[in-house]
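Next come the chains, spelled out residue by residue.
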Amino acid sequence: MANGTAKLAGLVFSRETFAKLTPGPFLQAHLQQPEPIRPNGRSLDAFRTPTIHTGSLSHSNGSAVVRLGDTAVVCGVRAEILLASDIPHPPSEDTSEDDLVERLGLLVPNALSYRVLSLMHTSNLIKPGDLRIQYTEPATEDDLPDDGPKIVTKAFWALYIDVLCIALDGNPFDAAWAAVIAALKSTRLPRAWWDPDREMILCSPLANETHGLRLDDIPVASTFAVFSTGSALKQRSEAESWVLADPDGFEEDVCSETVTAVVRSDGGGVESITRLEKSGGDAIDKAAMGRCVHMAQQRWREWQGVLHGG
Amino acid sequence: MGPDISHHPLHGADGSVTFSSKLCSILAAANGPVEVQRRDELPEEAAVEVNIRPVSGVSGPRERWLESVVAAVLRSVLHLHMHPRTLIQVTLQITKAPSSTLKGAVQDVALLPSLINASFLALADGGLPLRNTVAAVLLAVVSTGEVREEPSEKELVGCKSLHGLAYNNHGDLLLSESAGGFDLAEWERIADQAEETCRAAMAPLDEDGVVMEGTTSSGPWLRQELTDKAQAAVAWREAT
Amino acid sequence: MPHATRPSTNESNFLLSALRENLRLDSRALDQYRPISLQFPSDPDVHGQTDVRIGKTRVICNISCEVITPYPDRKFDGVFTINCELSPLMGAGVEVGRPDQTEALLSRILDKSIRRSNALDTESLCIIAGQKCFHVRADLHVLDDDGGIFDACCLALVAALQHFRRPDYEVHGEQVTVFDVREREPVRLTLQHHPFCVTTSYYDAGTIMVQDATLLEEQCREGETVVSMNRHGEVCQIAKYGGVPVDALSMLSVVNQSWEKVTMMDALVREALLKDEREKDKGGRMKAELSAENERVMERPVG
């Protein structure tokens, strides 16, 4: 047991009591060992191994449960049809494809994470083409013979994404993001078309006529917490800090600084960063951020295996 | 040509400032240390509460997230240990925001540096104990690949990535929020440029209180601002 | 929980004894308003934002609108909502999220004065009955409270509604095109009348009546009446929630005095709007020069 305290006469604490009374020094005692180790037994840059189960919710078009250690997040995706005529404020012609998904509100999250929604839009994860229900109007006598057939978008699929954290032991964001990705990957949308005679959208109930969503180069999120001994009451030069990958609940409470990196890699091996966030303290500098990004990129490779295999 | 700042516009709050950059205008007020709710009380330091009010509509999850980021930065800037079991309250009213046609994440990152600068100035105006000076800057990588500091709204449309960074006077990185598509090398270049700008914002003025030569576009606006304030406060002594 | 500090006995006694001699601490007459200043944003593309100052009291109002589906039971009406919040900007006594009595009262009075009196014609906000309509939303933020926030809020709201322009639209059968503000000139809102609020405070068992009380005067008062009316003398609402009982006939004189003040406020708003329009027309560099004029305080001494 990595318990750094000396036995004082009459004052002996169990490990758990030490952790509860003074969490900061407890963590510091672990990290200051010659081989730094965290109270949960992991090394500094070890992430927890994720497990993913998809398709567990029968009423949704797609679902996933992601477990990251003791943190568990469920995500369900329901698809509903949004008629083009019902859209109160249709966007103008020159709205680019990328912005369309955001403007029309086609991805509707619930309260859990503004960050998750914001990331979905920034990463242009879903292509609007997948969500369109289009209709090729038949040629009428008025059309000029050279014009191609007119394709009108009659409706869109709106995806209602419900994310629920069922167990929390630190780092819900990484798990939530992974759950959303996994759920979207497993989402099947029925084939839908516009029936001109009945003036409504019809869907096919056949399972083999469903189509999935195109999710290329999936971005993966990695969060780090930074534990620092610096404080206003001490000399700046005395401060020590450690970067902990994938913090659990105890570590999250004790650390005030966090870094989140969302990275993706396209087919050609070019790696890019979609979102980089760091706030809280002053211990992380440029070099440390670089190390975090490298760790995040390695983590991306780990996740690919789990997401595609699972 | 720095941001537009006006001193102490409000009478009810301990410290207040209006801060206008190219993209947004923010009215910031700081109150503290004041009495804190039992449930928020911390035994060894002051609690920090940030409230952000958008231009239109009520505050929602977006404002909650911005508040948590700003509060995290302010905890490194304030001397929390000087006033334990009290509350330091910062309110930020956005009076002009970047256009809502921009992507959500772009709008958020664009607001953050101004929110932080405005909060800091309001805290300084209110005389709250501060252990660091912080300056924040917004940088955009436009579609051509160039890096623009304090971009205009036009430059934000279709920008490849947007970065908001804040440094303190010791050169520590207090905040980095980036959104878009970029790689590590690009970020490191941007971080360098941001550090230079923030350092310049806090750079000492020469003897006459004049802007030093060779500084970046906005110059030592923060230092100038605080110097002017301090001089105004003792003006009565020099007049007599 | 921090509360606003109450005035000391010395302060309140001094105030009351001065009032008994017909004097106010800032040398105003008992029915005189403090200087009112009304500012609009200098950007010509921004409509519906006002910054009102009555003395040190400061209120900002922002109007925005979007297209929504109307309520099923009011198919021919648009939607108009007023959201007003007391901000911690005012001082440490305000807790966010928990509306206190003043905030509830403020919402109720603004609601009665402007929404229920149909100052804004909601039928004019309808685009296609039952399908599309405008939702006009007014957000009020009280930045500084030195008394008279009801009056200031109402003034800010009415001025902002007159300043605001909604997007233009065209209906072709079932198809609606709502034009962006850059494609077509946006259009004014249809206001049936312009209501304003006047607060009268009572002292000495209702024998002394004072208008436009400062924060100190408000904290020492025994009761108050808030009258909302327009310049035609039509009363929208009268609110006297508790407080010292006053002579019934004095209500009439209160309403009459309020009418004078409302006429003054209406003229002030009209002038400010005209000046703003003239400046925006000239545009360009002249704006920077002329904008100094907006900041000049408009003094309206009441004889």
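Residues numbered from 1 in each chain as written. Chains lettered and ligands numbered in written order. Predicted model: local features only at pLDDT ≥ 70, side-chain atom pairs only at ≥ 80, totals over all residues. Heavy atoms only, no water.

### Description of the nonpolar core
The line we're drawing: To form a nonpolar core, buried Ala, Val, Leu, Ile, Met, Phe, Trp, Tyr and Cys residues must be joined to one another through side-chain atoms within 4.5 Å. Remark: exposure states derive from per-residue accessible area (1.4 Å probe, protein chains only) relative to the maximum for the residue type, with buried under 20%, exposed over 50%, and partly exposed in between. The numbering of helices and of strands both runs from the N terminus, where a helix is a DSSP run of H or I of at least 4 residues and a strand a run of E of at least 2. Should any heavy atoms of two residues lie within 4.5 Å, those residues are considered in contact.
Ranked by size, the top nonpolar core spans 118 residues in total, and within it I161 of chain A together with L92, L115, L165 and W187 of chain B carry the most contacts. In terms of residues, this core owes the most to one element, helix α6 (residues 172-185) of chain A, which gives 11 residues. Residue contacts for L115 of chain B: discarding those within four places in its chain leaves I26, I52, L66, V70 and L92 of chain B. L86, I109, A156 and M229 of chain C belong to the second largest nonpolar core, which has 65 residues in total.

### Digging into the sheet that holds strand β6 (residues 134-141) of chain B
Put simply, the rule reads: The pairing criterion is simple: DSSP has to find at least two bridges between the two strands. Helix axes are fitted only over the stretch in contact, all axes being lines through C-alpha atoms; the angle between N-to-C directions runs from 0 to 180 degrees.
Read across the open sheet, the eight strands follow the order β12(A)-β11(A)-β13(A)-β14(A)-β9(B)-β8(B)-β6(B)-β7(B); overall the sheet is antiparallel. Whereas interior strands pair on both sides, the edge strands pair on one side only; in this sheet they are β12 (241-245) of chain A together with β7 (147-149) of chain B. Each adjacent strand pair in this sheet contributes to an overall mean axis angle of 20°, direction not counted. As judged from the eight bridges shared by β6 of chain B and strand β8 (residues 161-168) of chain B, these two strands associate in the antiparallel manner. What sits directly across from A135 of chain B, in β8 of chain B, is Y167 of chain B. Where α6 of chain A meets the sheet, it contacts β11 (220-228) and β13 (257-265) of chain A, and its direction lies at approximately 175° from that of β11 of chain A.

### Things to note about the pairing of strand β2 (residues 62-68) of chain A
All names here are of chain A. Burial of β2 is extensive: six of the seven residues sit out of reach of the surface. Here five bridges tie strand β1 (residues 50-54) to β2, and the two strands are oriented antiparallel to one another. Note on β2: the bridge partner recorded for I52 is V66. Bridge count for β2 against strand β3 (residues 71-83) is seven bridges, and the pairing is antiparallel. Residue S63 lies in a different strand from β3, and its bridge partner there is G76. Here β2 folds back onto β3, and the loop between the two strands holds two residues, one of which, G69, carries a positive phi near 65°.

### Some points on the UniProt feature "domain: Exoribonuclease phosphorolytic" (unreviewed entry) in chain A
Residues and elements named next belong to chain A. Note the threshold: UniProt positions are given in the numbering used here, feature names are shortened, and annotations may be inferred rather than shown by experiment.
Here the UniProt-annotated "domain: Exoribonuclease phosphorolytic" (unreviewed entry) positions come out as residues 47-83 and 154-190. Helix makes up 0% of residues 47-83 and strand 68%. Its end C-alpha atoms lie 44 Å apart. Taken end to end, residues 154-190 is 38% helix and 43% strand, and its two terminal C-alpha atoms sit 16 Å from one another.

### A closer look at the interface of chain A and chain B
Quick reminder of the rule: Salt bridges are defined as contacts in which a side-chain nitrogen from Lys or Arg sits within 4 Å of a carboxyl oxygen from Asp or Glu. Whenever two N or O atoms come within 3.5 Å, that pair is a polar contact, provided that in protein one can donate a hydrogen and the other can accept it, and provided that, for residues adjacent in sequence, both atoms are side-chain atoms.
Every contact between the two is made by 32 residues of chain A and, on the other side, 35 residues of chain B. Inspection of the region where chain A meets chain B yields two salt bridges. Between D192 of chain B and K286 of chain A there is a salt bridge, with the nearest N and O atoms lying 2.5 Å from each other. Where chain A touches chain B, the interface holds eight residue pairs in polar contact (both at pLDDT 80 or more). Put simply, the parts of the chain that give the side of chain A that touches chain B at least two residues each are α3 (97-103), α4 (114-122), β14 (271-279) and α8 (286-309) of chain A. No other element matches the nine residues that β14 of chain A contributes to the side of chain A that touches chain B. Sheet topology note: the β14 of chain A/strand β9 (residues 173-182) of chain B ladder contains six bridges and is antiparallel.

### Digging into the interface of chain B and chain C
To keep things clear, this is the line we draw: Only Asp, Glu, Lys and Arg are considered charged, only Ala, Val, Leu, Ile, Met, Phe, Trp, Tyr, Cys and Pro nonpolar, and every remaining residue, Gly among them, polar.
In this assembly, 25 residues from chain B lie in contact with 26 residues from chain C. The interface formed by chain B and chain C includes zero salt bridges. Run the count over chain B and chain C and you get five residue pairs in polar contact (both at pLDDT 80 or more). Elements that contribute at least two residues to the side of chain B that touches chain C include exactly β3 (25-34), β4 (47-53) and β5 (87-96) of chain B. If one sorts the elements of the side of chain B that touches chain C by residue count, β3 of chain B sits on top with five residues. In terms of residue class, the side of chain B that touches chain C is made up of 10 nonpolar, 11 polar and four charged.

### A few points about a nonpolar patch on the surface
To keep things clear, this is the line we draw: Grouping into patches uses exposed residues only, defined as over 30% relative accessible area, and leaves out salt-bridged ones; the cut-off is 9 Å for like charges and 5 Å for nonpolar side chains (Val, Leu, Ile, Met, Phe, Trp, Tyr). Note on areas: Shrake-Rupley, 1.4 Å probe, and residue coverage restricted to the protein chains presented here.
Together, L11, F13 and L21 of chain A make up a nonpolar patch on the protein surface, roughly 300 Å² of accessible area in all. Accessibility expressed as a relative area gives 48% for L11 of chain A, which makes it partly exposed.

### Considering the pattern of salt bridges
Pairs can form between side chains of opposite charge whenever their charged atoms are close. What the rule picks out here adds up to 39 salt bridges over all chains. A salt bridge links D169 of chain A to R48 of chain A, with the shortest nitrogen-to-oxygen separation between them at 3.9 Å. One end of the pair, D169 of chain A, is in the loop between β6 (151-167) and α6; the other, R48 of chain A, is in the loop between α2 (23-31) and β1, and 121 residues separate them in sequence. Each member of the salt-bridge network shares a partner with another, and the members are D26, R28, R34, D146 and D212 of chain C.

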